Amino acid sequence: MQTYFNIVNGQPVGSEKSFESINPATGETLGRAPISTQLQVTEAIAAARAAQAGWAARPDAERKALTMQVAEAIKKNARYLAEWVTKEQGKPLGGVGPDQVPGALFELWGCEVWTQVPASLDLPIDVVFEDETRRDEVLRKPYGVIAAIAPWNWPLLIAIWQIIPSIRAGNTVVIKPSEYTTIGTLELIRVINEILPKGVLNSVSGPGDVGSWLVDNPGVDKIMFTGSASTGKKIAEAAARNMVPATMELGGNDAAIVLPDADPKAIAMGLFWGAFINMGQTCACAKRLYVHESVFDATVQALKEIAQAMPMGNGMEDGMAMGPIQNKMQFDKVVSLVDSAKQAGATIVCGGQATGGPGYFYPLTLVTGLKDGARLVDEEQFGPVLPIIKYSTVEEAIASANRLRAGLGASVWSSDIDAAKRVASQIQAGTVWINQHGAIHPMVPFGGIKGSGYGVEFGIDGLKAVTQPQVISVKK
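Residues numbered from 1 in each chain as written. Predicted model: local features only at pLDDT ≥ 70, side-chain atom pairs only at ≥ 80, totals over all residues. Heavy atoms only, no water.

Asks: Go over the overall build of the protein chain with me, naming the residues and quoting the values.
Replies: Along its length, the protein chain carries 15 helices and 20 strands. A compact globule built from 476 residues would reach a C-alpha radius of gyration of about 23 Å, and the protein chain, at 23 Å, matches this within 12%. Taking the principal axes of its C-alpha atoms as reference, the protein chain extends roughly 65 × 65 × 40 Å. Counting over 476 residues, the protein chain shows a buried share of 57%. Within the protein chain, contacts between residues separated by at least 24 positions form 71% of all contacts whose residues are at least 6 apart in sequence. For the protein chain, the exposed surface amounts to about 18800 Å²; the carbon and sulfur share of it is 53%. Side chains of the protein chain carry 41 positive and 47 negative charges; the gap between the two charge centres is 4 Å. (Helix = DSSP H or I, 4+ residues; strand = E, 2+ residues; numbered from the N terminus. Rg over C-alpha atoms; globule rule 2.2 N^0.38 Å. Buried < 20%, exposed > 50% of the residue type's maximum accessible area, 1.4 Å probe, protein only. Contact = heavy atoms within 4.5 Å. Areas by Shrake-Rupley, 256 points an atom, 1.4 Å probe, with all protein chains shown as cover. Lys, Arg positive; Asp, Glu negative; His and termini not counted. Charge placed at Lys NZ, Arg CZ, Asp CG, Glu CD.)

Asks: Please provide a residue-by-residue account of unusual backbone geometry, values included.
Replies: Residue Asn9 is not a glycine yet carries a positive backbone phi of 55°. With respect to the secondary-structure elements, Asn9 resides in the loop between β1 (6-8) and β2 (11-13). Positive phi values are uncommon outside glycine, yet Met243 reaches one of about 55°. The topology assignment puts Met243 in the loop between α8 (229-242) and β11 (246-249). The class for Met243 is exposed, based on a relative accessible area of 74%.

Asks: Describe the nonpolar core, listing the residues and the values that go with them.
Replies: By size, the foremost hydrophobic cluster in this structure holds 54 residues, and its most contacted members are Leu108 and Ile175. Those elements that provide at least two residues to this core are α2 (60-76), α3 (78-89), α4 (104-120), β7 (145-149), α5 (155-168), β8 (172-176) and α6 (182-193). Among the elements that make up this core, the one with the highest residue count is α5 (nine residues). Discounting chain neighbours no more than four positions away, the residues touching Ile175 are Ala148, Ala150, Ala159, Gln162, Ile163, Ile189, Leu201, Asn202, Ser203 and Val204. (Core = buried A, V, L, I, M, F, W, Y, C linked by side-chain atoms within 4.5 Å.)

Asks: Break down α6 for me, citing the residues and quoting the values.
Replies: The end-to-end C-alpha distance of α6 is 16 Å, a good match for the 16 Å that 12 residues give at a rise of 1.5 Å each. Buried within α6 we find Thr182, Ile183, Gly184, Thr185, Leu186, Glu187, Leu188, Ile189, Val191, Ile192 and Asn193. (Expected span 1.5 Å × (residues − 1).)

Asks: Which residues make up α4, and what values go with them?
Replies: Here α4 is 17 residues long and its end C-alpha atoms lie 25 Å apart, about the 24 Å a rise of 1.5 Å per residue gives. Burial of α4 is extensive: 13 of the 17 residues sit out of reach of the surface.

Asks: Could you give me a rundown of the pattern of salt bridges, with the residues and numbers involved?
Replies: Inspection of the entire model under this criterion finds 21 salt bridges. Measuring nitrogen to oxygen at the nearest pair gives 3.3 Å for the salt bridge that ties Arg32 to Glu20. In this pair, Arg32 is assigned in strand β4 (residues 29-34) and Glu20 in strand β3 (residues 18-22), connecting sequence segments 12 residues apart. You can call Glu20 partly exposed: its relative accessible area is 38%. Through salt bridges with shared partners, a single ionic network connects Glu130, Arg135, Glu137 and Lys476. (Salt bridge = Lys/Arg side-chain N within 4 Å of Asp/Glu carboxyl O.)

Asks: Lay out the side chain of Ser414 in plain terms, naming residues and giving numbers.
Replies: With respect to the helices and strands, Ser414 occurs in the loop between β17 (409-413) and α14 (417-424). At 2.8 Å, the side chain of Ser414 forms a polar contact with the side chain of Asp261. Non-local contacts of Ser414, meaning those with residues more than four positions away in its chain, are made with Leu259, Asp261, Ala262, Ala420 and Asn435. (Polar contact = N/O pair within 3.5 Å; in protein donor to acceptor, adjacent residues only side chain to side chain.)

Asks: Any details on the environment of Pro118? Residues and values, ideally.
Replies: Looking at where Pro118 falls in the secondary structure, it is placed in helix α4. Residue classification places Pro118 among the buried positions, given a relative accessible area of 9%. Separated by 288 residues in the primary sequence, Pro118 and Ala406 place their C-alpha atoms 28 Å from one another. Leaving out residues up to four positions away in the same chain, Pro118 has contacts with Ile164, Pro165 and Arg168.

Asks: Can you lay out the sheet that holds strand β6 (residues 134-142) for me, pointing to particular residues and giving the numbers?
Replies: Strand pairing in a sheet relies on backbone hydrogen bonds, with the paired strands running either antiparallel or parallel. Across the sheet, three strands lie side by side as β5-β6-β20; this open sheet has antiparallel pairing. The sheet is open, and its two edges are formed by β5 (126-130) and β20 (467-475), each paired on a single side. Strand-to-strand twist in this sheet, taken as the mean axis angle between neighbours without regard to direction, amounts to 25°. Judged from the nine bridges that link them, β6 and β20 form a sheet pairing that is antiparallel. Bridge pairing in β20 places Leu139 opposite Gln470. (Pairing = 2+ DSSP bridges. Axes fitted to C-alpha atoms, helices over the stretch in contact; angles between N-to-C directions.)

Asks: Help me get a handle on the sheet that holds strand β14 (residues 347-350), residues and values and all.
Replies: Taken in spatial order, the seven strands line up as β14-β15-β16-β13-β12-β17-β18 in an open sheet, and their pairing is mixed. In this open sheet, the two strands that pair with only one neighbour each are β14 and β18 (431-434). Sheet twist, expressed as the average angle between the axes of neighbouring strands with direction ignored, equals 25°. Sheet topology places β14 next to strand β15 (residues 365-368); three bridges connect them, and they run antiparallel. Across the sheet, the residue bridging to Ile348 is Val367, located in β15. Set on the sheet, α14 makes contact with β12 (254-258), β17 and β18; between it and β18 the angle comes to about 160°.

Asks: Which residues make up the environment of Val466, and what values do they have?
Replies: Within the element layout of this structure, Val466 appears in the loop between α15 (459-465) and β20. C-alpha separation for the pair Val466 and Pro142, spaced 324 residues apart in sequence, amounts to 6.5 Å. With residues near it in sequence (within four places) discarded, Val466 still touches Pro142, Tyr143, Pro165, Ser166, Ala169, Asn171, Lys222 and Met224.

Encoded structure:
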């Protein structure tokens, strides 16, 4: 069985202990990855520190050019890396075009694009004040060493969101992949290291202890984390101890609101993918669907027809649209939430029962008959289950959308854009989409509020987030 390695200071690094990576569709062992020691974590941070000043001192045009070369390397290796995503994470290979299943090849296309965009952006000196007596300029300076913790749901794409803006701005990075999807991320880091100077991008791997050692090390200047709120709180405590900033994307329980003038058949496919992309294992999926009573039955029926037509299976096989839940912990949570809905008297429109056999497969499940306060409504399911809640007044739907601590995304569906905007403006979320859900873009800032974290990624704002301002004030 092959063992894969971390990269520290441009060199492959193993460890005395390792762990297996498991295919969630088949249960087969894919390979082994190192369990980094605390000393190795310290050494990775030291390598990043040693490389940072020289990397930041390079001309900006040179860093941009090298970042663009990284995009080409990702494109060249896209099929290989996408197959690792499918084998480790579970999403089908899918494709890239508008009529393709948004699977692992889509994820790698996103990796390429989210590398190209930061490589194309500039952060010019900003003259914030000038008169006859003085001139004040704001420069953007790198923080130094960035510690990044990547999740298992979009393991390569979210790693790119953390890595690329950071290095483009002159930082160096130490990243820890999720222990559930380690090998594909390590292979991505190996590919990127074929382009970058030694020490600019380093990795460590293993269970949660390894991440704790990374974020709590005083050699780190900023933390970037995507994951659960419970882990995020621990990371925030570490950031506070060391007085370093953090960008925290802590997931959500996104509400989608269908207004009474919406056309159920016209919006059904958009709603479906808004809820079930990546088997619902996406932070900004629609996880609570509020539908006006006048269009409720038609909306449920339209979604049922789509859900029952979607082929599910091993994503390495042709024609699959849906894969497994990624790990047993998440699978058990989904089962528990659906069981609790059944016990509460909910109606299972479709799905609702694990298929059995190898792999963590759970059918696409639509649930009605629940109200706010039910576990399946209030807890983020992060899986292929969607509760659909009937409402009578728009004010009632807005209050329901805002009642939880989650505040990542939301959406409003309507034939009247102005009416949808009025509702959107009253929803407490970092992003509110209209007639779409989860439609992120590399130039549009993205981040949560309330319990969904703080800080933004993407575009100019995301690039600024991995830099700190320095004011140069000149007396004339």
